[in-house]
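The chain contents come next:
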Amino acid sequence: MATQLLNPHAVVAATPTSTITFELPIEGMTCASCVARVEKAIARVPGVTRTSVNLATEKASIEADSLQAQAAVADAVRSAGYEVPEQEIVLRINGMTCASCVARVEKALNKVAGVSSASVNLATEQATIKALAGVSPDVLVSTVQKAGYDATIPESDVEQPPKRDFAAFRVTGAAIFSVPLLVPMVAQWLGGHVMLPIWLSFALATVVQFGFGMRFYKSAYKAVLAKAGNMDLLVALGTSAAYGLSVYEVIAHPGDMGHLYFEASAVVITLVLFGKWLEAKAKRQTTEAIRALNALRPDRARVRIDGTEQEVPLSAVRVGTQVVVRPGERVPVDGTIVEGASSVDESLITGESLPVAMQPGDRVTGGSINVDGLLVVETTAVGAETTLSRIIRLVESAQAEKAPVQRLVDKVSAVFVPTILGIAFLTLVGWMLYSGHVETAILNAVAVLVIACPCALGLATPTAIMAGTGVAARHGILIKDAEALEVAHRINTVAFDKTGTLTVGKPTLVEFRTFGVVRDEALAIAAAIQQGSEHPLAHAVTQAAQADGIAAPKASEVRAIAGRGVQAVVDGRAYTIANARFLREARINVPTEVLAQGDFAQAEGRTVSWLVELGDARKVVALLAFGDTVKDTAADAIDHMRSMKIRTVLLTGDNQGAARAVAEKLGIGEVRAEVLPEDKARVVSELRSSGRTVGMVGDGINDAPALVAADVGIAMATGTDVAMHAAGITLMRGDPALIADAIDISRRTYRKIQQNLFWAFIYNVVGVPLAALGLLSPVVAGAAMAFSSVCVVSNALTLRLWSPDKKRR
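What counts and what doesn't
Along each chain, residues carry numbers from 1 onward, in the same order as the chain's sequence is written. For a predicted model such as this one, the threshold for reporting local features is a pLDDT of at least 70, and the threshold for listing and counting side-chain atom pairs is 80 or more; totals across whole chains, interfaces and linings nevertheless cover every residue. Each side-chain value is derived from all of the structure's non-hydrogen atoms; neither hydrogens nor water enter the calculation. Counting from the N terminus, the helices are the DSSP runs of H or I reaching at least four residues and the strands are the DSSP runs of E reaching at least two. Relative accessibility under 20% of the residue-type maximum defines a buried residue, over 50% an exposed one, and the middle range a partly exposed one, all with a 1.4 Å probe and only protein chains included. What makes two residues a contact is simply this: any of their non-hydrogen atoms within 4.5 Å. In these tables, accessible area is a Shrake-Rupley quantity obtained with a 1.4 Å probe, and a residue counts as shielded only by the protein chains included in the view. The arc under discussion is defined with respect to the helix axis, by the directions toward the C-beta atoms. An axis is simply a line fitted to the C-alpha atoms; with a helix, the fit covers only the stretch in contact. Between two such axes, the angle follows the N-to-C directions and lies from 0 to 180 degrees. What sets the label is the angle itself: under 35 degrees gives roughly parallel, over 145 gives roughly antiparallel, 65 to 115 gives roughly perpendicular, and the rest give oblique. Patch membership is restricted to residues that have no salt bridge and whose relative accessible area is over 30%. Joining uses 9 Å for like charges and 5 Å for the nonpolar side chains Val, Leu, Ile, Met, Phe, Trp and Tyr. The working definition used for a salt bridge is a side-chain nitrogen of Lys or Arg within 4 Å of a carboxyl oxygen of Asp or Glu. Any two strands with at least two DSSP bridges between them are considered paired.

A. A look at the overall build of the protein. Helix and strand counts for the protein stand at 27 helices and 31 strands. Per-residue burial over the protein gives 51% buried out of 809 residues. Within the protein, residue pairs in contact and separated by at least 24 positions form 68% of the contacts whose partners lie at least 6 positions apart. As displayed, the protein offers around 35,900 Å² of accessible surface, 56% of which is attributable to carbon and sulfur atoms.

B. Fine view of helix H21 (residues 634–643). Of the residues making up H21, those classed as buried are Ala 634, Ala 637, Ile 638, His 640 and Met 641. Projected down its long axis, H21 shows its buried positions confined to an angular sector of 160°, all on one face. Where H21 ends, the next residue or the one after it, Lys 645, has phi of about 65°, a positive value.

C. Fine view of the packing of helix H14 (residues 438–451) against helix H27 (residues 778–797). The interhelical angle for the contact between H14 and H27, taken along N-to-C directions, is 5°, at an axis separation of 8 Å. As summarised for this structure, H14 and H27 are arranged roughly parallel, according to the angle between their axes. On the side of H14, the interface is formed by Leu 443, Val 446, Ala 447, Val 450 and Ile 451, while H27 contributes Pro 778, Ala 781, Gly 782, Ala 784 and Met 785.

D. Expanded view of a nonpolar patch on the surface. Nonpolar side chains collect at one region of the surface, where Val 765, Val 766, Leu 770, Leu 773 and Leu 775 lie side by side and expose about 450 Å² of accessible area between them. Its location among the elements puts Leu 775 in the loop between helix H26 (737–772) and H27.

E. Geometry of the environment of Glu 279. Here Glu 279 is to be found in helix H9 (residues 262–286). Placed 507 residues apart in sequence, Glu 279 and Ala 786 show a C-alpha to C-alpha distance of 9.0 Å.

F. Spotlight on the sheet that holds strand E29 (residues 694–698). The sheet built from 7 strands is open, its strands ordered E19-E31-E30-E29-E20-E27-E28 with mixed pairing. For this open sheet the edge positions go to strand E19 (477–479) and strand E28 (670–672), each flanked by a neighbour on one side alone. Averaged over all pairs of adjacent strands, the angle between their axes in this sheet comes to 20°, without regard to strand direction. As paired elements, strand E30 (residues 712–716) and strand E31 (residues 729–731) share 3 bridges and run parallel to each other. Paired with Met 716 across the two strands is Leu 731, which belongs to E31.

G. Structural context of the environment of His 539. Counting through the fold element by element, His 539 comes out in helix H18 (residues 536–547). With 12 residues separating them along the chain, His 539 and Ala 527 place their C-alpha atoms 8.9 Å apart. Those residues in contact with His 539, other than ones at most four positions away along the chain, are Ser 533 and Glu 534.

H. Spotlight on the sheet that holds strand E17 (residues 369–370). The sheet built from 3 strands is open, its strands ordered E15-E14-E17 with antiparallel pairing. Here the strands that pair on one side only, and so sit at the sheet edges, are strand E15 (356–358) and E17. Note that strand E14 (residues 342–345) and E17 share 2 bridges and pair antiparallel. Pairing of Val 344 across the sheet is with Asn 370, part of E17.

I. Spatial organisation of the side chain of Asp 232. Among the secondary structure elements, Asp 232 is positioned in helix H8 (residues 231–252). Owing to a relative accessible area of 1%, Asp 232 belongs among the buried residues under this scheme. Residue contacts for Asp 232: discarding those within four places in its chain leaves Thr 97, Arg 215, Phe 216, Ser 219 and Ala 220.

Shown next, in the form of C-alpha cells:
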C-alpha cells in the first residue's frame, strides 16, 4: 500500500481499491452536536465513503474515492458553519525561465493534497500557495524539485541581501569565446577573407556550448524528466543542432570550412545569456518599491526607561514603551507623540512631499523622518503590526497576484513549447523535401527553435503589475491585488461618501438652539450621550461642551441606532440625538417653526441633528447644526475626474441640504442623500446594474458594505481599518486627488500589460513563420528572442516615471 505524507498530522493512504484516506483539521466545534453536524455535511459530499470526526483532536478522518474530494469536503465543512484552517506559504523558485515553467510549477503544486491554490510569479520568482493548515512547506519544496526546479523557504519577511551570481561572468566569458568566431563573417561583410583554424573554431564553440551554455542543458534535462518543455529546451535543441551539424561536417569533410556553423551556436547562446542578464537586471528594478520600503526600517530604537535613555534592538520595543527620536532620525515605531514638537517627513509612506507639523497627541508612522525637533513617542504598534509592515505586505501581495488577463497567457504557454517543437519538425522535413539540403533544413529548424520566446509571454503581465503597484505605493496609493488594478482601469463612475472623504471630517458645532430648556443643561445632556463615541459629530459636541466649561453627567444604556443616531439615559430620563429620519419614523411631533429652523440650517449646508427627550415627553429639546470644511483639493479632484470622463455621485447619510450644498460647491452631478449604511451597498449595486463600472470611496465602518459592493472599493487610510480591509485600493493620504491618480495609474498599467502582451505575441506570430520560411539566420533569431523579454521588461519599467499631475493641484 502506497502512503503519501501530506503534513505532520495528516496521512493519505491509497488502498488497493483506490480508496483514499485523509485527515482534515476543523475549528469551531464545541460539542457532540457539532460533530454530528460536520459528519453529516461531509457524508453528503460525492465520492466520500466514510467519515469520522473527533472532537478532542478537532480532526475529521475521511475515506473518499480520490484526493479531489478534499477541496469539496473543506467547502462542505465551511458551509456547515465551521472553519477549515488555511495557511499561506511563500516559496522562492529558482530555475524558471519562461511562462511554460510557471505553468509547470503551478500544475505540480496544485496537485499536492491540501493545496487549494498556487500562483507563481515569474518576475518575482515566487510561488504563493494557499493550503490547509498543517501542509508542510517541505512537501511543497520537494514537489517543486520533482518538477525540475529549486525551491527554498524565505528565511524571514525582511528582504535578504542579493546573493552574488555569475550571470555577468557567464555573459562576459561567452562573449570573449564567441567574438573570434564572428571574425570571418565580419571580414566577409567588409570584403576581406579571414579564416580561423578548424581546431580553434571547434574549441571555442565547445567551451561556449558545454561550459557557459550548460545551464540550458541542465534546465532542459529537468524539463524532459518532468515530461514538459521550456525555453531552455528550445535553446538547447537549437544550438545543439547547429553545433552537431558543424562537428559532423568537420568529421565528414575535414579541411572544408564552408559548412561550419560554430559561430551560430556560440553566438545564440551568448545572446540568450546576455538577454537573460539584462532581463534579471531590469526585473530587480521592478522590486525597487519593496526594497525602498524595507530600507525605512531602523534596526534600533532609543527608549526612555525611568527617566534614562538607552539604545536597544527594535525587536525589544513593546507597545507602551516611550521612544526618543532625535532630529534627523527615522521614527522606529508607530506611536503617539507625548512630548515635543517637530516637522515629520512621511513622503516615502504617504507620498506627501512636504513635512507635516506634529505636536503632542498626533500620531506618527514608523519609517518617517523627524526633521527638526526632539520627539518622545509612546509606541502603539511594533513589528508586523506597524503601518510600514502592513504596507509592505500589501504591495508584496499585489505584486505576487495574477491579473485576470494572465489566464489567456497561461492557456497559450501550456501548449507553446510543444507547438514550437512541432513547427520546427515540420520546418526540418519541409526544407529537406523542398531543397534537398540537410544543412539548410537544420539551420531553418534551429532558427524556429531559438526565435520562440515564451519568457516574454511570462513576463508581460507581472512586470507591469510590479512596476505599476510599486510606483503607486511610492505616491501613497496602495493597490491590494492585481484584480483591483485591472478592474480599476475600467472605472467610469465614482461614488463618494461625504464626511472625511470630500470634507475634512472634523465638523464643529456651529449652532445649538434649545426649545423650552436651559442651553447649558441641554448641551450637558448632549455631551453625556456622545461621550465615548468616535463619531466626528460626537467629538464636535463634546468639544463644544468643554469649550464652554460644561461638565457632562454620566450616561447609561448608551446604544447606537444605525443610520439614525444614538440613544442613552441621562439623570433617569431617556434621550436621543438623531436625524430627521428618526423624527419621522418615531412620529415625534415637532412644531412647524422648529422644523423651519432645521430646514434653514440644512439649506446653508449644515448637518442637522436633534436632541429629543423620549419616554412620556417625546419632544424636541434642541437643534444641533454642524459645519464641516470641504477639503482644499476636492474641487480639483472632481474636475480632473470629469476630464477623464468619470461620472461622480455623492452617496451620504447626511441630509439633502448639506449634501446638495457640498455637491454644488464641488460640481458633483448626482446626489443620493439620507442613505442608511445598509442601503449604500444597494445604491452601489444599482449603479453597477446600469452597466457602469463603479468605484466607491469611503473611510468609515458604515462605508464597508458599499466598498465591497463596488467593482473597486477605495478607502482613505485616514479612516477606519474596517474600511481599508474592505477596499481594493487604499489611499495613504486623505487627499481626494489621489482617487483620480489611482484610476490613472491603473489605466496606464493596464495599457502596459496590453502593449507587453502585443509585443510578446507579435515576436512569435511574426518571427516563427519568418524563421520557418528561411528568412532569418539562427544568429538573428537568437538575438530577437534574447531581446524580446528585455523589450517587455523595459517597457514595463517606463511606469516608474509616472507621477501624479501636480499642475491640477
